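Below, each chain spelled out in residue letters.
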Amino acid sequence: MIWSLEIAKRSLQAQMLALDVTSHNIANVNTPGYSRQEAVFRPTQPYGIVSWLGTINPGQVGTGVQISSIRRLRNDFVDMNYRNVTSESSYYSVKDQVFSILESSINEIKDSGLQKALSNFFDAWHEGSVSPEDPTVRRIIVEQSQNLIDAFKYVQNQLVSTRSDVDFQIVNSVARINDIGKEIAKLNEQISLSTSQGQQPNDLLDQRDNLLDELSQYVNIQKVALPTGSVSVFIGGLSFVDDRTVNEIKAIDNDRLIDSGEGYKYTEGLATYSVLPGLIQNDKWNESIALGTEDIYNGHVSTLWLTMGNSLVPLDDRHLAGGKLKGLVEMRDDVIAYGEEPGRGLLGKINEMAYYFFDKINLMLKQGKDLSGDAYSSNFFSWDVNVVAKNIISAVALDPTVVSDPTKLPIGVTGLAGDGSLALLIAQEQNNALETVPEILNSTLWNPSLPGFLKGQSVAQSWRTLVAEWSADISRNRAFMEGTNNVKSELTLLRTSESGVNLDEEAVNLIRFQKGYAMSARIVSVVDGMLDLIINMGAR
């Protein structure tokens with residue numbers, strides 16, 4: 001009978017603790033990343049009944065109940081898949097954001113942009129072939145030529161500006177990734193301490209998992225659980241968080257990595273870092289960004305490195321398989337600047353397009369004469385000879401002599417009155433492939449080594465093809481983005497069904513534990529009455 005009071009006490013304590021756990025769940029129903037907790041009931045150690053003859057009666061007598069643990073409902077397999085899909089989704093989403101900015105900037109969908117400027121340029125030359133001596137027509141040719149240069153420059157400036165913005169996002173992303181790594185390392189320390197004391201730090205584990213979820217938005221990660229309760233985090237096989245140690249990522253301007261003759265080195269304050277040998281090919285980071293010199297478009301751009309002591313390991317496509325960081329790097333370096341695939345390398349391709357087109361027009365104009373009958377020997381589209389073809393647009397300008405005096409513009413081959421033959425040949429270039437040799441030139445004067453994307457097309461056709469390929473790339477990216485977002489939504493529902501708080505279920509648990517508590521208290525009342533009866537039997 002006395003032992004029944006102990007059983008009732010244990011039950012009261014267990015039911016009360018279970019009510020506390022349920023209350024904690026309800027209180028955190030709207031807490032992001034909170035995992036539902038469950039009080040695990042377990043019978044306490046029973047004892048056998050021993051008779052006065054020393055024999056053990058059948059069965060054992062229970063001694064009540066206890067809460068053996070407070071379980072956190074979480075599925076590591078679902079978490080792993082969720083983070084993998086999150087990396088993919090973030091990769092496609094950030095690319096779509098940059099694509100949207102470029103779409104609105106380049107503005108080729110509407111009746112404007114480079115395509116319209118090219119059309120107006122050739123129309124002006126066609127008018128010149130009809131009215132070669134009309135000063136207004138000559139002025140229009142000069143103005144439309146300047147408009148064409150401005151259109152090329154506008155597209156280049158928009159691409160360069162967007163690239164700078166993307167580079168800024170890369171630097172900010174790296175800063176946040178490092179902060180997350182430090183927070184994970186700090187939580188590792190707290191979790192290890194709690195685990196060593198036999199505790200189950202559920203809320204700390206939730207905080208760490210939330211950080212891992214956030215980290216997976218930026219980079220592809222692999223989590224390895226350690227026996228101490230800590231975790232190690234890897235990015236593409238490179239150790240980022242090792243228990244309580246963080247190997248930080250550095251975003252270093254490409255021109256600040258200097259080749260010392262013994263490999264590339266980077267100095268930051270009093271510390272000097274060395275790039276591990278054999279990891280850089282052709283003096284370029286990620287096979288695209290030249291080290292130790294300025295970038296031809298943006299001056300300098302950030303390159304990514306994982307620190308290991310005083311050593312640097314390039315964090316490039318060999319390790320970045322997904323996440324926002326990979327998407328930003330790909331857009332900045334491959335899509336906008338240096339890519340070779342269709343729809344990629346917009347800056348490089350538009351500059352090469354302008355270079356070969358302007359060069360061809362210059363050669364054709366040098367075969368003509370102005371209204372005075374003087375041969376034209378200048379470059380109508382001029383630039384510094386030291387400028388590389390992949391960055392010609394920033395340097396090109398019209399011949400100032402012709403700008404100030406359009407009569408110096410050669411429109412005919414002979415320079416005679418009414419001769420607009422040269423203007424007609426230039427107008428016909430609207431539909432001629434760039435490698436086509438005009439009548440007034442020969443294969444010695446014009447035999448360009450065109451890149452593949454320019455072959456067999458006029459300059460206008462090349463631009464239309466480039467925009468079409470680029471648009472197709474956008475469509476593919478959006479299709480993948482929608483697909484991964486759908487998978488992510490399904491995994492989110494799966495996570496919520498297992499780890500999320502269901503208020504209806506918690507309400508049922510409240511009633512269960514309240515009734516359990518009430519009945520345990522009833523045991524105390526019954527036993528108290530029985531004891532009172534026994535104690536008072538002698539007084540009757």
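Just so we're clear, the structure is a prediction, and the values are computed from it rather than from any experiment.

A. Seen up close, the overall build of the protein. What the protein contains, in helices and strands, is 11 helices and 18 strands. Against the 2.2 N^0.38 benchmark of 24 Å for 540 residues, the protein shows a C-alpha radius of gyration of 38 Å, more extended than a compact globule. Principal axes of the C-alpha set define a box for the protein whose edges measure 145 × 55 × 35 Å. Buried positions account for 45% of the 540 residues belonging to the protein. Across the protein, contacts joining residues at least 24 apart in sequence account for 70% of those joining residues at least 6 apart. Here the protein displays about 26100 Å² of accessible surface, and carbon together with sulfur accounts for 52% of that area.

B. Local environment of the pattern of salt bridges. The final tally for this structure, using the stated rule, is 33 salt bridges. Across the pair Asp-213 and Arg-495 runs a salt bridge, and its minimum N-O distance is 3.0 Å. Highlighted residues: Asp-213 in helix α5 (residues 202-218) and Arg-495 in helix α10 (residues 459-499), separated in sequence by 282 residues. For Lys-390, the salt bridge goes to Glu-352, with nearest N and O atoms at 3.5 Å. In this pair, Lys-390 sits in the loop between β17 (381-382) and β18 (397-398) while Glu-352 sits in helix α7 (residues 346-365), placing the two residues 38 residues apart along the sequence. Residue class for Lys-390 comes out partly exposed when judged on its relative accessible area of 31%. For Glu-352, a relative accessible area of 14% corresponds to the buried category. Among the ionic contacts, a cluster of salt bridges with common partners joins Arg-72, Arg-74, Asp-79, Arg-83, Asp-206, Asp-209, Asp-213 and Arg-495.

C. Seen up close, the side chain of Thr-162. Considering the arrangement of structural elements, one finds Thr-162 in helix α4 (residues 135-196). At 2.8 Å, the side chain of Thr-162 and the backbone oxygen of Gln-158 are in polar contact.

D. Highlighting the environment of Ala-521. By the element assignment, Ala-521 lies in helix α11 (residues 503-536). Judged by relative accessible area, Ala-521 falls into the partly exposed class, the value being 31%. Separated by 509 residues in sequence, Ala-521 and Leu-12 place their C-alpha atoms 7.1 Å apart.

E. Just helix α1 (residues 2-27), in detail. Taking 1.5 Å as the rise per residue, α1 with 26 residues should run 38 Å; its terminal C-alpha atoms sit 38 Å apart, in good agreement. Of the surrounding elements, those touching the buried residues of α1 are β1 (37-43), β4 (65-72) and α11.

F. Molecular detail of the packing of aromatic side chains. Under the defined criterion, the tally for this structure stands at 17 aromatic pairs. On the basis of an interplanar angle of 75° and a centroid distance of 5.3 Å, the ring pair of Phe-121 and Phe-122 is categorised as edge-to-face. Using a relative accessible area of 0% as the deciding quantity, one classes Phe-121 as buried. On the numbers, 5.7 Å between centres and 35° between planes, the contact of Tyr-297 with Tyr-338 is tilted.

G. How the structure looks around the sheet that holds strand β5 (residues 221-225). Taken in spatial order, the 4 strands make up an open sheet running β5-β6-β7-β8, and their pairing is antiparallel. Both edges of this open sheet fall to β5 and β8 (245-246), since each of them pairs with a single strand only. Here β5 runs beside strand β6 (residues 231-235); their pairing, made up of 5 bridges, is antiparallel. When the sheet's bridge partners are listed, Gln-222 is paired in β6 with Phe-234. Here α5 sits on the sheet and contacts β5, β6 and β7 (238-242); the angle it forms with β5, its principal contact strand, is near 155°.

H. Spatial organisation of the environment of Asp-384. Relative to the assigned elements, Asp-384 resides in the loop between β17 and β18. Residue Asp-384 is classed as partly exposed on the basis of its relative accessible area of 42%. A sequence separation of 11 residues divides Asp-384 from Ala-395, and the C-alpha atoms of the two residues are 6.9 Å apart.

I. Region of interest: the sheet that holds strand β12 (residues 271-275). Across the sheet, 6 strands lie side by side as β9-β15-β16-β12-β11-β10; this open sheet has mixed pairing. Looking along the sheet, the strands with just one partner apiece sit at the ends: β9 (249-253) and β10 (258-259). As paired elements, β10 and strand β11 (residues 264-268) share 2 bridges and run antiparallel to each other. Paired with Asp-259 across the strands is Tyr-264, a residue of β11. Packing of α4 onto the sheet brings it into contact with β9 and β15 (302-308), and relative to β9 it is tilted by some 155°.

Rules and cut-offs
- Residues numbered from 1 in each chain as written.
- Predicted model: local features only at pLDDT ≥ 70, side-chain atom pairs only at ≥ 80, totals over all residues.
- Heavy atoms only, no water.
- Helix = DSSP H or I, 4+ residues; strand = E, 2+ residues; numbered from the N terminus.
- Rg over C-alpha atoms; globule rule 2.2 N^0.38 Å.
- Buried < 20%, exposed > 50% of the residue type's maximum accessible area, 1.4 Å probe, protein only.
- Contact = heavy atoms within 4.5 Å.
- Areas by Shrake-Rupley, 256 points an atom, 1.4 Å probe, with all protein chains shown as cover.
- Salt bridge = Lys/Arg side-chain N within 4 Å of Asp/Glu carboxyl O.
- Polar contact = N/O pair within 3.5 Å; in protein donor to acceptor, adjacent residues only side chain to side chain.
- Expected span 1.5 Å × (residues − 1).
- Phe/Tyr/Trp six-rings, centres within 6.5 Å; stacked < 30°, edge-to-face > 60°.
- Pairing = 2+ DSSP bridges.
- Axes fitted to C-alpha atoms, helices over the stretch in contact; angles between N-to-C directions.

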